[in-house]
Amino acid sequence: MKLKYDVDLPAFLLKVDLCPGEVLYTTQEGDCLNLKSQLSKYVFLAAANAKSSSLLHSGSITCSESTALETLRPYLAES
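None of the values given here were measured: they were computed from a predicted structure.

**Focus: the pattern of salt bridges**
On inspection of all chains with the given rule, the structure shows two salt bridges. Measuring nitrogen to oxygen at the nearest pair gives 2.4 Å for the salt bridge that ties Lys41 to Asp17. On the criterion of sequence distance, the pair formed by Lys41 in helix 2 (residues 38-48) and Asp17 in helix 1 (residues 9-18) is long-range, its members being 24 residues apart. Note on Asp17: relative accessible area 38%, which makes it partly exposed. A salt bridge links Arg73 to Glu70; its shortest N-O distance comes to 3.0 Å. Classification of Arg73 by relative accessible area gives partly exposed; the value is 28%.

**Thoughts on helix 1**
All of the buried residues along helix 1 are Leu9, Phe12, Leu13 and Val16. All buried residues of helix 1 project into a common sector of 95° when viewed along the axis, lining one side. With respect to the buried face of helix 1, the exposed residues turned more than 90 degrees away are Pro10, Leu14 and Leu18. Along its buried surface, helix 1 packs onto strand 1 (23-26), helix 2, helix 3 (55-58), strand 3 (60-63) and helix 4 (66-72).

**With respect to the environment of Tyr25**
Relative to the helices and strands, Tyr25 is located in strand 1. Remark: the alpha-carbon pair of Tyr25 and Ser40, spanning 15 residues in sequence, is separated by 9.3 Å. What Tyr25 contacts, discounting residues up to four positions off in sequence, is Asp31, Cys32, Leu33, Leu35, Phe44, Leu55, Leu56, His57, Ser58, Gly59, Ser60 and Ile61. A polar atom in the side chain of Tyr25 sits 3.0 Å from the backbone nitrogen of Gly59.

Reading guide: rules and limits
Residues numbered from 1 in each chain as written. Predicted model: local features only at pLDDT ≥ 70, side-chain atom pairs only at ≥ 80, totals over all residues. Heavy atoms only, no water. Salt bridge = Lys/Arg side-chain N within 4 Å of Asp/Glu carboxyl O. Helix = DSSP H or I, 4+ residues; strand = E, 2+ residues; numbered from the N terminus. Buried < 20%, exposed > 50% of the residue type's maximum accessible area, 1.4 Å probe, protein only. Arc of directions from axis to C-beta. Contact = heavy atoms within 4.5 Å. Polar contact = N/O pair within 3.5 Å; in protein donor to acceptor, adjacent residues only side chain to side chain.

Honestly, it's all geometry; don't read function into it.
Shown next, in the form of structure tokens:
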């Protein structure tokens, strides 16, 4: 699933911490960031906040547990 365009990134990442299992952000190039990792969160935020970056809305969020999707639903765009 894709992130909403007006997503509150700090709030989203706090919700990610509450999710069971893995929450992955996959770029169009196939790179994967495990958003449960503090280092990956840092890389994700740095890339998302770069002025010329379209990273945030070009990638997708996947969860290893279906209940995690329900937790993150307010931050995800409808497909």
